[in-house]
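Listed below are the residues making up each chain.
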Amino acid sequence: MLTERQELILKTIIMDFTQTHEPVGSKTVMNQLPVKVSSATVRNEMAVLEEKGLLEKTHSSSGRIPSTAGYRYYLDHLINPVKIPASVYNQIVYQLDQPFQQVNEIVQEAAKILSDLTNYTAFAAGPETHSVKVTGFRIVPLSSHQVMAILVTDDGNVKNQIYTLPHHTNGEEIEKAVRLINDQLVGKSLSSINEVLLKRIADHLIARGSAPEILDLLQDVIKDAASEQMYVDGQINLLSNYENDDLTKIKSLYKLIDQNDALSSLIGFNPEDELKNDSSSKVQVKLGSELPSDLLENYSLLTAQYSVGKYGKGTIALLGPTNMPYSQMIGLLEYFRNELAKKLLDYYGRFK
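Residues numbered from 1 in each chain as written. Predicted model: local features only at pLDDT ≥ 70, side-chain atom pairs only at ≥ 80, totals over all residues. Heavy atoms only, no water.

- An unreviewed UniProt entry lists the chain under the name Heat-inducible transcription repressor HrcA, with Lactobacillus johnsonii N6.2 given as the organism.
- Note on the chain: under the UniProt heading Function (unreviewed entry), the record states "Negative regulator of class I heat shock genes (grpE-dnaK-dnaJ and groELS operons). Prevents heat-shock induction of these operons."
- On record in UniProt, under Sequence similarities (unreviewed entry), the comment for the chain is "Belongs to the HrcA family." (UniProt positions renumbered as here; feature names shortened; annotations may be inferred.)

Here's what the structure looks like:
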């Protein structure tokens, strides 16, 4: 642990570096400290902080910049989230006050709002789908052999996919298959639709001559409905925060952000962490060296969970430069997740 004065100096350097992006000298620190300290004392304390690995010296300046360890100490011990200004509050309320038709539309808009407000890359995932129940399955003919499969769930979401059926499939067989599938699935949660249940449906379809090829179509649309959709907005902002001109690395970074599985792994909360001091209620910050890819070494990831009561939990996140203004960003995420949860609860209430 540091002395109170050392903590004040470290915090001052981080806050100044966040604003100027330039190494911070002892005279600058001395002028900004809330207590009167000589320049020599500040230099000595900065030397101690450097020895402890919390500050680093750059080649181009006599000033100091925070190290990863310095940022981690600041985030763990010194940071105070800042209340968002009224203008930001009004923008959030305005953009969330839309006639959304589906949960995913709200979640997608959440990612856009966060990106617009911060000029960072933003992520948003909706509440878990484990308890969501099927309310209907439909097949709509589009042409002589092309159909659209539609699955509706009790949270108001609609999933659809287009398929080409074999030439021997006729309309009567399709109608019988849809009736049988609805008898088996309506009222069941997505998490309970497993291979055993689908095998039983397949056996019924074959036994009754009711277009068994419909089963493949059904499995695809159920898988789509049960998968967690991670929405991303502001990918272009990665470039403004990327210090490497290597096009191959830039392409790799974009590819990483576009992979849903990689995103879920990157942004997902550690179950062990959630058992410690209710840490899932806090905004979590991972610095570049703590992230799983070297492509993210100059970035920080801020992640927050939001709860929609019995409808489950979702996640929002920001990916930005290591020297971002953490107090403002954490304050924003803490406020925004509460507003997003309220919007979703209002949606569920009206839909029910």
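Re the nonpolar core
It is characteristic of soluble globular proteins that their nonpolar side chains tend to be buried jointly.
Thought 1: With 61 residues, the main nonpolar core has Leu10, Ile92, Leu302, Ile316 and Tyr326 as its most contacted residues.
Thought 2: Among the elements that take part in this core, helix α14 (residues 326-351) stands out by supplying 12 residues, more than any other.
Thought 3: Shared between two domains, this core holds at least three residues of each, these being domain 1 (4-78) and domain 2 (86-130 + 229-350).
Thought 4: Not counting chain neighbours up to four residues away, the residues in contact with Ile92 comprise Ile84, Ile113, Leu117, Leu332, Tyr335, Phe336 and Glu339.
Thought 5: The next biggest cluster of nonpolar side chains, apart from the first, holds 30 residues, and it includes Val178, Leu180, Ile181 and Leu190. (Core = buried A, V, L, I, M, F, W, Y, C linked by side-chain atoms within 4.5 Å. Buried < 20%, exposed > 50% of the residue type's maximum accessible area, 1.4 Å probe, protein only. Helix = DSSP H or I, 4+ residues; strand = E, 2+ residues; numbered from the N terminus. Domains from an automatic or database assignment. Contact = heavy atoms within 4.5 Å.)

Examining the packing of aromatic side chains
Thought 1: One pass over the structure, following the stated rule, counts 4 aromatic pairs.
Thought 2: Taking the centre distance of 3.9 Å and the plane angle of 10° together, the rings of Tyr311 and Tyr348 count as stacked. One end of the pair, Tyr311, is in the loop between β9 (299-307) and β10 (313-321); the other, Tyr348, is in helix α14, with 37 residues separating them in the sequence.
Thought 3: On the accessibility criterion, Tyr311 (18% relative accessible area) is buried.
Thought 4: Its relative accessible area of 4% is what places Tyr348 among the buried residues.
Thought 5: Here the aromatic cluster, defined as three or more aromatic residues joined through ring pairs, consists of Tyr311, Tyr347 and Tyr348. (Phe/Tyr/Trp six-rings, centres within 6.5 Å; stacked < 30°, edge-to-face > 60°.)

Topic: the sheet that holds strand β6 (residues 158-164)
Thought 1: Strand order across the open sheet formed by 3 strands is β4-β5-β6, with antiparallel pairing between neighbours. Each edge of the open sheet carries a strand with a single partner, namely β4 (134-141) and β6. Geometrically, the sheet is characterised by an average inter-axis angle of 15° between neighbouring strands, direction not taken into account.
Thought 2: Bridge analysis of strand β5 (residues 146-153) against β6 gives 7 bridges, and the strand direction is antiparallel. Pairing of Val152 across the sheet is with Val158, part of β6. (Pairing = 2+ DSSP bridges. Axes fitted to C-alpha atoms, helices over the stretch in contact; angles between N-to-C directions.)

Here's the deal with helix α1 (residues 4-20)
Thought 1: Between its first and last C-alpha atoms α1 spans 24 Å; for 17 residues at 1.5 Å apiece the expected length is 24 Å, and the two agree.
Thought 2: Tucked inside the fold, the buried residues of α1 contact α2 (26-32), α3 (39-51), β1 (55-57), β2 (64-66) and α4 (68-78).
Thought 3: With its phi angle positive at about 60°, His21 sits one or two positions after the end of α1. (Expected span 1.5 Å × (residues − 1).)

Let's talk about the packing of α1 against α3
Thought 1: Taken N-terminus to C-terminus, the directions of α1 and α3 make an angle of 85°; their axes are 10 Å apart at the nearest point. By the angle between their directions, the pair α1 and α3 is classed as roughly perpendicular. Within the contact between the two elements, α1 uses Arg5, Gln6, Ile9, Leu10 and Ile13 and α3 uses Thr41, Val42, Glu45, Met46, Val48 and Leu49.
Thought 2: Looking at the contact of α1 with α3 residue by residue, the class counts come to 7 nonpolar, 2 polar and 2 charged. (Parallel < 35°, antiparallel > 145°, perpendicular 65-115°, else oblique. Nonpolar A, V, L, I, M, F, W, Y, C, P; charged D, E, K, R; others polar.)

Re the domain arrangement of the chain
Thought 1: If you check the domain split of the chain, you get domain 1 (4-78), domain 2 (86-130 + 229-350) and domain 3 (133-226).
Thought 2: Computed from C-alpha coordinates alone, the two centres of domain 2 and domain 3 are separated by 34 Å.
Thought 3: With 8 residues of domain 2 at the interface, the matching set in domain 3 holds 10 residues.
Thought 4: Buried area between domain 2 and domain 3, both sides added, is near 650 Å², and the carbon and sulfur share of it is 32%.
Thought 5: At the junction of domain 2 and domain 3, the tally comes to 0 salt bridges.
Thought 6: Here domain 2 and domain 3 share 3 residue pairs in polar contact (both at pLDDT 80 or more) between them. (Buried area = accessible area lost by both parts, 1.4 Å probe. Salt bridge = Lys/Arg side-chain N within 4 Å of Asp/Glu carboxyl O. Polar contact = N/O pair within 3.5 Å; in protein donor to acceptor, adjacent residues only side chain to side chain.)

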